[in-house]
Amino acid sequence: MTRLDKLIAGSGRFSRSEAREAIRAGRVSALGRVLTRPEERVEEDLPVLVDGERLRTDALRYFMLDKPAGVLTASRDARQPTVLELLPAELRRLGLQPVGRLDKDTTGLLLLTNDGDFAHRVISPKSGVVKTYLARTQGDVDAEDERGFARGLELEDGTKCLPAGLESLGDGLCLVRVQEGKYHQVKRMLAARGKPVLELRRLAIGGLELDERLGSGNLRELFPGEIELVFAHSHRL
Ligand code: URA
């Protein structure tokens, strides 16, 4: 059981005081009854209507963002724009956090959620969630580079990488699949092969692909079923 105003504020569409106002104004109903007391205790899964429309009250929320270049993957920064500042006001109240990081100049699929356990599972190398990137490099990657990735590269500072996938697409483009998330990993791996990255875009996390219809800087909530897709094909490069 929870307080009605808390349940409504949990949807992210209303602050706690806006929820109280809406309740007192008679805009909230459930099961055919208008609810006018913010402090009323209700079941968490009560189907609540606000202005006749069903309110989403699930506490855990999952979004995909097509991250633009020039934006930091951080909650707050004094000087530079962050991904959380791209969120509309009603989503800023949900306590969403980025799942892992993309570099400032990297674009593409970034998940945002307030489900800390999910975020931890996605990031943990134990889960073997494979992230797919499209990279534009200076010079085409070749078969020897592909074999080096498959064996597991050693970076210039001696860091050893797990086996990764590399596939040349020609014209300076390649697909990279990694199953861990070390600092600047893809850039450092390609640099170690003498093919510095000029542009990097994340296309997929596990079996979940970036919705290219979103457009840069936009986000949408994941559909039911898409959350599990993240863990599909784990450990398979
Ligand atoms: N690897 C990188 O080098 N940068 C990213 O942003 C993501 C993976």
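Everything here concerns the structure above.
Residues numbered from 1 in each chain as written. Predicted model: local features only at pLDDT ≥ 70, side-chain atom pairs only at ≥ 80, totals over all residues. Heavy atoms only, no water.

Examining the overall build of the protein chain
Here is step 1: A tally of regular secondary structure across the protein chain gives seven helices and 15 strands.
Here is step 2: C-alpha atoms of the protein chain, sized along the principal axes, occupy 70 × 35 × 30 Å.
Here is step 3: A separation threshold of at least 6 residues defines the contact pool for the protein chain, and within that pool the share at least 24 residues apart is 62%.
Here is step 4: Put simply, the protein chain shows about 12400 Å² of open surface, and 49% of that area lies on carbon and sulfur atoms.
Here is step 5: Across the protein chain, the 38 positively charged side chains and the 37 negatively charged ones have centroids separated by 4 Å. (Helix = DSSP H or I, 4+ residues; strand = E, 2+ residues; numbered from the N terminus. Contact = heavy atoms within 4.5 Å. Areas by Shrake-Rupley, 256 points an atom, 1.4 Å probe, with all protein chains shown as cover. Lys, Arg positive; Asp, Glu negative; His and termini not counted. Charge placed at Lys NZ, Arg CZ, Asp CG, Glu CD.)

Observations concerning the site of the ligand
Here is step 1: Every residue lining the ligand is accounted for by Leu 102, Asp 103, Thr 106, Tyr 133, His 184, Gln 185, Val 186, Lys 187 and Leu 200.
Here is step 2: Note that a nitrogen atom of the ligand is positioned 2.7 Å from one of the side-chain N or O atoms of Asp 103.
Here is step 3: A distance of 3.1 Å separates a nitrogen atom of the ligand from a polar atom in the backbone of Val 186.
Here is step 4: Protein coverage of the free-state accessible area of the ligand, which is 240 Å², stands at 94%. (Near = heavy atom within 4 Å. Polar contact = N/O pair within 3.5 Å; in protein donor to acceptor, adjacent residues only side chain to side chain.)

A short note on the nonpolar core
Here is step 1: Counting 30 residues, the largest nonpolar core has Leu 112, Phe 149, Val 176, Met 189 and Leu 190 as its most contacted members.
Here is step 2: Those elements that place two or more of their residues in this core are β7 (62-67), β9 (107-113), β10 (131-137), β12 (173-178), α6 (185-192) and β13 (197-205).
Here is step 3: Each of two domains, domain 2 (62-125 + 208-229) and domain 3 (131-205), supplies a minimum of three residues to this core.
Here is step 4: One finds Leu 111, Ala 119, Ile 205 and Leu 208 within the second-largest nonpolar core, a separate group that totals 16 residues. (Core = buried A, V, L, I, M, F, W, Y, C linked by side-chain atoms within 4.5 Å. Buried < 20%, exposed > 50% of the residue type's maximum accessible area, 1.4 Å probe, protein only. Domains from an automatic or database assignment.)

What about helix α5 (residues 143-151)?
Here is step 1: Taken together, the buried positions of α5 are Asp 145, Gly 148 and Phe 149. Down the axis of α5, the sector holding all buried residues measures 100°, keeping them to one side.
Here is step 2: Where α5 is buried, its residues contact β11 (165-170), β12 and α6.
Here is step 3: In this structure Asp 142 caps α5, since a side-chain oxygen of it lies 3.1 Å from the backbone nitrogen of Glu 144.
Here is step 4: Positive phi appears at Gly 152, one or two residues downstream of α5, with a value of about 105°. (Arc of directions from axis to C-beta.)

Focus: the environment of Tyr 62
Here is step 1: Mapped onto the elements of the fold, Tyr 62 is located in strand β7.
Here is step 2: Taking the C-alpha atoms as reference points, Tyr 62 and Phe 118, separated by 56 residues in sequence, lie 9.5 Å from one another.
Here is step 3: When residues no more than four places from it in sequence are discounted, the contact partners of Tyr 62 are Leu 112, Thr 113, Asp 115, Phe 118, Arg 220, Glu 221, Leu 222 and Ile 227.
Here is step 4: In this structure the side chain of Tyr 62 is engaged in a polar contact, spanning 2.4 Å, whose partner is the side chain of Asp 115.

Remarks on the sheet that holds strand β3 (residues 33-34)
Here is step 1: Spatial strand order, β3-β2-β5-β6: four strands in an open sheet with antiparallel pairing. At either end of the open sheet lies a strand with only one pairing partner, and these are β3 and β6 (53-54). (Pairing = 2+ DSSP bridges.)

Overview of the pattern of salt bridges
Here is step 1: All told, the structure shown has 25 salt bridges when counted by the stated rule.
Here is step 2: One salt bridge connects Glu 221 with Arg 61, and the closest N-O pair in it is separated by 2.6 Å. One end of the pair, Glu 221, is in strand β15 (residues 219-221); the other, Arg 61, is in the loop between β6 and β7, and 160 residues separate them in sequence. Across the pair, exposure class does not vary: Glu 221 and Arg 61 are buried alike.
Here is step 3: The salt bridge involving Lys 187 is made with Asp 103; its shortest N-O contact spans 2.8 Å. With a gap of 84 residues between them, Lys 187 in helix α6 and Asp 103 in the loop between β8 (97-98) and β9 connect regions that are remote in the sequence.
Here is step 4: Judged by its relative accessible area of 18%, Asp 103 is buried.
Here is step 5: One salt-bridge network, held together by shared partners, links Arg 3, Asp 5, Arg 16 and Arg 20. (Salt bridge = Lys/Arg side-chain N within 4 Å of Asp/Glu carboxyl O.)

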